[in-house]
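The residues making up each chain are set out below.
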Amino acid sequence: MINTRIVVGPLEVNCYILADEQTGAAVIIDPGDDAEEILKIIRNENLKVRYIINTHAHFDHVGANARLKEATGAEILMHEADVAMLADAADQAIIFGSRIAQPPQPDRYVRDGDEIRAGEVRLKILHTPGHSRGGICLLGDGMVFTGDSLFAGSIGRTDFDGGDLMSLIGSIKAKLLTLPGDTIVYPGHGPETTIRDEKRENPFLNEESGFA
């Protein structure tokens, strides 16, 4: 499987392109900006994008949705609980000194436990509310794409609309920390990590964190 990361936009979001090496069927996760750079990779690798998946609807993770859907015809997938926030994405970007094309509505909603397939690429949806109401993670074979739920040494902000600290801690402990320790974590910002390292070292999640 092809797993390509491209850092996009002023908030340096990790956009991931996953593809089946044999068929070229591909999934794009969190295309927050720099649509033409993403499309350059798609064209160079001759990929066929089936799905654009947003781990949540904050502007920095959905900013290139419109252009990529126009160029590829891919279906846009997200959790229904973030659709109201999606409607405000362009205005949200302005507040942060950025501009994006208003993202189109999702083609399909995903729920906890759903499986997304594109050739040999298979991703299971884990609903992990806390950073936003509709936040999701995507579980693959030995890896998990965590959006803004879990970072290396940190967790997502919970001071935005729809955020809740204890919900996020609960989501991470129930859905992520129960995964095998060697599961590679690919977050929405910053470097990759592992579940084992986050259990041991993350100050929000380890035994010294103070969170039950």
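Relevant structure appears above.
Residue numbering note: each chain is counted from 1, following its sequence as written. Given that the model is predicted, a residue must reach a pLDDT of at least 70 before its local features are reported, and side-chain atom pairs must reach 80 or more before they are shown or counted; all residues, however, enter totals for whole chains, interfaces and linings. In computing side-chain values, all of the structure's heavy atoms are included and hydrogens and water are not.

Enquirer: Looking at this structure, how should I read the pattern of salt bridges?
Expert: When charged atoms on two side chains of opposite charge get close, those side chains can pair. Basic side-chain nitrogens of Lys or Arg form a salt bridge, by our definition, when they fall within 4 Å of a carboxyl oxygen of Asp or Glu. Tallied over the entire structure, the rule returns 11 salt bridges. Close ionic contact of Glu115 with Arg117 constitutes a salt bridge, the shortest N to O distance being 2.6 Å. For every residue, the accessible area (1.4 Å probe, protein chains only) is compared with the maximum for its type, and the residue is labelled buried under 20%, exposed over 50%, or partly exposed between those bounds. Of the residues examined, Glu115 reaches a relative accessible area of 43% and is grouped as partly exposed. In this structure Arg117 comes out as partly exposed when scored by relative accessible area, which is 47%. The partner of Arg157 in a salt bridge is Asp159, with the nearest N and O atoms 2.8 Å apart. For Arg157, a relative accessible area of 45% corresponds to the partly exposed category.

Enquirer: Teacher, can you tell me more about the pairing of strand 9 (residues 136-139) here?
Expert: For a regular strand, the rule is simple: side chains alternate between the two faces of the sheet. Burial along strand 9 is two-sided: the residues Ile136 and Leu138 and Cys137 and Leu139 are all buried. Strand pairing is defined by DSSP finding a minimum of two bridges between the two strands. What counts as a helix is a DSSP run of H or I of at least four residues, what counts as a strand is a run of E of at least two, and both are numbered from the N terminus. For strand 8 (residues 121-127) and strand 9, the ladder comprises four bridges, and the chain directions are antiparallel. Considered in strand 9, the bridge of Leu126 is made with Cys137. Sheet topology note: the strand 9/strand 10 (residues 143-147) ladder contains two bridges and is antiparallel. When the bridges of strand 10 are listed, Leu139 appears paired with Val144. Hairpin connection of strand 9 to strand 10: three residues between the antiparallel strands, including Gly142 at a positive phi of 75 degrees.

Enquirer: Explain the packing of aromatic side chains to me, please; I cannot follow it from the model alone.
Expert: Each aromatic ring pair is described using two quantities: the centre-to-centre distance and the angle formed by the ring planes. Put simply, two rings from Phe, Tyr or Trp (the six-membered ring, in Trp's case) pair if the centres are within 6.5 Å, and we call them stacked under 30 degrees between planes, edge-to-face over 60, tilted for the rest. Using the criterion set out here, one finds five aromatic pairs in the structure. With a centroid separation of 5.7 Å and 65 degrees between ring planes, the pair formed by Tyr16 and Tyr186 is classed as edge-to-face. With Tyr16 in strand 2 (residues 13-19) and Tyr186 in strand 13 (residues 184-187), this pair connects stretches of sequence that are 170 residues apart. For the residue pair Tyr16 and Tyr186, the accessibility class agrees, reading buried in each case. Ring pairing ties together the aromatic residues Tyr16, Phe145 and Tyr186, which thus form one cluster.

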